[in-house]
Structures are given as structure tokens and as C-alpha cells.
Amino acid sequence: MNDCIFCKIVSKEISSDIVYEDDFTLAFLDIHPVTKGHTLVIPKEHSSGILDTENAILEKVIVTSKKVGKALLAATKATGLNTGSNNGESAGQDVFHLHFHLIPRFAKKELKAWPHHDSEPKTRAELAMRIKENL
Ligand code: AMP
Ligand code: ZN
């Protein structure tokens, strides 16, 4: 993936503030942090999101996220951590190389969480059935 910015970070063509690296994963500070210490964890091998990433690689990315997340909390004195991955343009993904956001949290009110809505038991049951049929 020649024009992928995160592949260029892996190959060090583009500099970044790397906090952790092993054979399969890389973690570096987000250039536009949501909170202090916002870090991205990526696989070194290109894939666009979690849906097209091999399970073995996904496991490595999650294990690295846990390791770096612990260090982030210790380094920033944060008391919580949001982890998440945007997958697809409609989900807000801007860089199409799998990444997990590690966002240290200092106070519940500093960020607005996703809005929740009421739902009907019947609607949930139908939806759960349809999802299970597609597994
Ligand atoms: P997403 O919207 O989930 O695709 O997130 C992409 C993230 O990558 C954003 O939080 C950006 O601030 C971050 N980002 C983009 N370019 C760079 C870069 N060169 N170094 C570090 N973070 C970057
Ligand atoms: Zn890439």
C-alpha cells in the first residue's frame, strides 16, 4: 500500500512519536490527540480495518493495546481508557489502515459519549435473530 500514511509510518518514511514496536505491531502518538496521550496501535502489515484483518494479527494488536494502555495510564495519571476502532467512512474512519485508538481519560465529562436511544424489546429480538443468522 504505497500511498498509505500508516504504512509509511511503519517503514519510517514518515516520522512519528513511537512508543512501542515489535515484529507485528506499532504504537505511536496521535498527531491530533483527543486527550493528552492519545495513542494509535496498528498492525505492521496493511489491512484496512478489523473486518479484513487476520485473527492472529488482531490478537497481537489487542495485546499491544493492553500493554501500551497500561503504560499510558501510568505515564499520564489518567484514570480511564477508551479503546476503539473506526471501520468504514460512515463510522468516521479517515485512515484506511487498521488502528485502535487508545484515549486516556481524566474525567467522565471531558468528552461527550455516543448518544443512546430507547429501543423496543421486539425490535431488539428481531435484530438479534437477524445478526445471529449472519454469523
Ligand atoms: P480515524 O478517523 O479513526 O481513521 O483516525 C485516524 C487518526 O489518525 C486521527 O486521530 C488522526 O489524528 C491520526 N493521524 C493522521 N495522520 C497521522 C500521523 N501522521 N501521525 C499520527 N497520527 C495521525
Ligand atoms: Zn497501510
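As shown above, the structure is provided for reference.
Residues numbered from 1 in each chain as written. Chains lettered and ligands numbered in written order. Predicted model: local features only at pLDDT ≥ 70, side-chain atom pairs only at ≥ 80, totals over all residues. Heavy atoms only, no water.

## Some thoughts on the layout of surface pockets
The space that makes up the largest pocket amounts to roughly 460 Å³. Taken together, 13 residues form the lining of the largest pocket, with Asn-82, Thr-83, Gly-84, Ile-103 and Trp-114 sitting closest to its centre. Every element with two or more residues in the lining of the largest pocket is listed here: strand 4 (80-84) and strand 5 (100-105). Among the residues forming the lining of the largest pocket, the class breakdown is 5 nonpolar, 6 polar and 2 charged. Looking at the second largest pocket, its volume works out to about 400 Å³. Those elements that place two or more of their residues in the lining of the second largest pocket are helix 1 (5-10) and strand 2 (25-29). In terms of residue count, helix 1 provides more of the lining of the second largest pocket than any other element does, 3 residues in total. Split by residue class, the lining of the second largest pocket holds 9 nonpolar, 9 polar and 3 charged. (1 Å grid on protein atoms, 1.4 Å probe; cavity = no way out; pocket = protein on both sides within 12 Å on 5 of 7 lines; lining within 4 Å. Points joined across faces, edges and corners; volume = space filled by probe spheres on them. Helix = DSSP H or I, 4+ residues; strand = E, 2+ residues; numbered from the N terminus. Nonpolar A, V, L, I, M, F, W, Y, C, P; charged D, E, K, R; others polar.)

## A short note on the site of ligand 1
Taken together, 16 residues are adjacent to ligand 1, and Asp-30, Asn-86, Asp-94, His-99 and His-101 come closest. Separating an oxygen atom of ligand 1 from a side-chain N or O atom of Asp-30 is a distance of 2.5 Å. Protein chains bury 85% of the 510 Å² of accessible surface belonging to ligand 1 in isolation. The pocket occupied by ligand 1, as judged from atoms lying within 2 Å of grid points, is the second largest pocket. Elements supplying a minimum of two residues to the shell around ligand 1: helix 1 and strand 2. Per-element accounting of the shell around ligand 1 gives the leading share, 3 residues, to helix 1. Tallied by class, the residues present in the shell around ligand 1 amount to 8 nonpolar, 6 polar and 2 charged. (Near = heavy atom within 4 Å. Polar contact = N/O pair within 3.5 Å; in protein donor to acceptor, adjacent residues only side chain to side chain. Areas by Shrake-Rupley, 256 points an atom, 1.4 Å probe, with all protein chains shown as cover. Sits in = over half its atoms within 2 Å of the grid points.)

## Describing the coordination of the zinc ion (ligand 2)
Coordination of the zinc ion (ligand 2) by the protein is provided by Cys-4 (SG), Cys-7 (SG), His-46 (ND1) and His-97 (ND1), with metal-donor distances spanning 2.0 to 2.3 Å. What the 4 donor atoms of the zinc ion (ligand 2) show is an angle range of 104 to 116 degrees at the metal, which sorts the shape as tetrahedral. When the donor residues of the zinc ion (ligand 2) are listed from N- to C-terminus, their spacing reads C-x2-C-x38-H-x50-H. Of this pair, His-46 sits in the loop between strand 3 (39-43) and helix 2 (55-76) while His-97 sits in the loop between strand 4 and strand 5, placing them 51 residues apart in sequence. (Donors = N, O, S within 2.8 Å, 3.2 Å for Na, K, Ca; no water. Tetrahedral: all angles 85-135°; square planar, octahedral: opposite > 155°, others 65-115°.)

## Details of unusual backbone geometry
Residue Lys-12 is not a glycine yet carries a positive backbone phi of 70 degrees. Mapped onto the fold, Lys-12 is located in the loop between helix 1 and strand 1 (18-21). In the Ramachandran plot, Lys-77 falls in the positive-phi region, its phi being about 65 degrees despite a non-glycine side chain. One can find Lys-77 in the loop between helix 2 and strand 4.

## Details of the pattern of salt bridges
Side chains carrying opposite charge are able to pair once their charged atoms draw close together. Going through the model one piece at a time under the given rule, you end up with 4 salt bridges. Where Lys-44 meets Glu-21, a salt bridge forms, and the shortest distance between an N and an O atom there is 2.8 Å. Taken together, the residues span a long stretch of sequence, with Lys-44 in the loop between strand 3 and helix 2 and Glu-21 in strand 1 at a distance of 23 residues. Residue Lys-122 pairs with Glu-126 through a salt bridge whose shortest N-O separation is 3.1 Å. Of the two residues, Lys-122 and Glu-126 both sit in helix 3 (residues 121-133), 4 residues apart, roughly one turn of that helix. Each of Lys-12, Glu-21 and Lys-44 takes part in a single network of salt bridges with overlapping partners. (Salt bridge = Lys/Arg side-chain N within 4 Å of Asp/Glu carboxyl O.)

Remember that the coordinates give geometry; whether it matters functionally is a separate question.
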